[in-house]
Amino acid sequence: MKIDQSLPLEYSTEENRLKILGFWIFLGAEIALFATLFAAYFILVDRTGTGPSGEEVFKAPTLIIQTLLLLTSSFTIGLGIHAMRIGRVKAMINFFIVTLVLGLGFIGLEIYEFVQYIHEGLTLQTSGFSAALFTTLGTHGAHVTFGLFWGLAIIMQIKKRGLTPETANKSFIFSLYWHFLDVVWIFIFSFVYLKGMM
């Protein structure tokens, strides 16, 4: 395996560069998935039947905390990758741990939010709106949950193997995934929640 010392560690081999390219292609498929969910949501948003609307169930305080947690986690994963690039493995691991703790807080709030919706009469079966809402939020939440396990596995690999071109590549790809989830959340925040509260 030929290592190009002039490139960042995560890009330092041909295989690593191809893996990153492949992951960008995968993210294209993820964009298509979320675009489909958003399209379905926009079609069904006013079909509330006898159930509550977004205006009745969305709560700004929970939403703001969720957004702060996820956007801060995007910042900390960026700091983790910066620490990786300058060879500060301990700092990198710590930033990854903080990222995962913030992600866990986000998921905890999302579960709390779902329980509140159910108490207010909004379930998956209530209406077209509720089905689209739960599916969109649930898909994003499932991606974040998967990311928590993925990030944990990467931390364990780095502790066991150290910082190598392979572990750096995996860490960088994970950071792309995490940033992608934050971008999706910004769309959810803007077009689902904010629009729904107006």
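Cut-off values and rules
- Residues numbered from 1 in each chain as written.
- Predicted model: local features only at pLDDT ≥ 70, side-chain atom pairs only at ≥ 80, totals over all residues.
- Heavy atoms only, no water.
- Core = buried A, V, L, I, M, F, W, Y, C linked by side-chain atoms within 4.5 Å.
- Buried < 20%, exposed > 50% of the residue type's maximum accessible area, 1.4 Å probe, protein only.
- Helix = DSSP H or I, 4+ residues; strand = E, 2+ residues; numbered from the N terminus.
- Contact = heavy atoms within 4.5 Å.
- Phe/Tyr/Trp six-rings, centres within 6.5 Å; stacked < 30°, edge-to-face > 60°.
- Axes fitted to C-alpha atoms, helices over the stretch in contact; angles between N-to-C directions.
- Parallel < 35°, antiparallel > 145°, perpendicular 65-115°, else oblique.
- Left-handed = near helix turned anticlockwise from the far one by under 90°.
- Patch = residues over 30% accessible without salt bridge, like charges linked within 9 Å, V, L, I, M, F, W, Y side chains within 5 Å.
- Areas by Shrake-Rupley, 256 points an atom, 1.4 Å probe, with all protein chains shown as cover.
- Salt bridge = Lys/Arg side-chain N within 4 Å of Asp/Glu carboxyl O.
- Expected span 1.5 Å × (residues − 1).
- Polar contact = N/O pair within 3.5 Å; in protein donor to acceptor, adjacent residues only side chain to side chain.

Draft legend 1. Highlighting the nonpolar core. With 50 residues, the main nonpolar core has F58, Y117 and L133 as its most contacted residues. Those elements that provide at least two residues to this core are α1 (14-44), α3 (60-85), α4 (89-119), α5 (128-161) and α6 (165-197). Ranked by the residues each element gives to this core, the list is headed by α6, at 14 residues. The contact partners of L133, leaving out residues within four places of it in the chain, are Y41, F58, Y117, L122 and V192.

Draft legend 2. Region of the structure containing the packing of aromatic side chains. Scanning the entire structure with this criterion turns up 23 aromatic pairs. Consider the rings of Y41 and F129, whose centres lie 6.1 Å apart with planes at 55°: the pair is tilted. In this pair, Y41 sits in helix α1 while F129 sits in helix α5, placing the two residues 88 residues apart along the sequence. Of the two residues examined, Y41 and F129, each falls in the buried class. Measuring from centroid to centroid gives 6.4 Å for F42 and F191, while their planes differ by 90°, and the two rings are edge-to-face. Placement of the pair is F42 in helix α1 and F191 in helix α6, with a sequence separation of 149 residues. By relative accessible area, which is 39% here, F42 ends up partly exposed.

Draft legend 3. Up close: the environment of G147. Position of G147 relative to the elements: it lies in helix α5. The exposure class of G147 is buried, given its relative accessible area of 0%. Separated by 47 residues in sequence, G147 and L100 have C-alpha atoms that sit 8.3 Å apart. Those residues in contact with G147, other than ones at most four positions away along the chain, are L100, F174, Y177 and W178.

Draft legend 4. Geometry of the packing of α3 against α4. One way to put it is that α3 packs onto α4 with a least axis distance of 8 Å and a crossing angle of 160°. In terms of orientation, α3 and α4 fall into the roughly antiparallel class. The two elements α3 and α4 cross, and the hand of that crossing is left-handed.

Draft legend 5. Here's a closer look at a nonpolar patch on the surface. A cluster of nonpolar side chains, contributed by F42, V183, F187 and F191, occupies part of the molecular surface with about 360 Å² of accessible area. At three residues, the largest contribution of residues to the nonpolar patch is made by α6.

Draft legend 6. A look at the pattern of salt bridges. Applying the stated criterion to the full structure yields four salt bridges. Here K59 makes a salt bridge to E120, at a shortest N to O gap of 3.3 Å. Of this pair, K59 sits in the loop between α2 (54-57) and α3 while E120 sits in the loop between α4 and α5, placing them 61 residues apart in sequence. Its relative accessible area of 40% is what places K59 among the partly exposed residues. Take E120: its relative accessible area is 32%, and that puts it in the partly exposed class.

Draft legend 7. View of α1. Under the 1.5 Å per step criterion, the end-to-end length of α1 is 46 Å for 31 residues, consistent within 8% with the ideal 45 Å. Looking at α1, one finds that the buried residues are N16, I20, F23, L27, E30, F34, L37, F38 and Y41. Its buried side turned inward, α1 meets α5 and α6.

Draft legend 8. Highlighting the side chain of T167. As for its position among the elements, T167 is in helix α6. Separated by 2.8 Å, the side chain of T167 and the backbone nitrogen of T164 make a polar contact. Setting aside residues no more than four positions away along its own chain, T167 makes contact with Q157, I158, R161 and G162.

On their own, these measurements won't tell you what the molecule is for.
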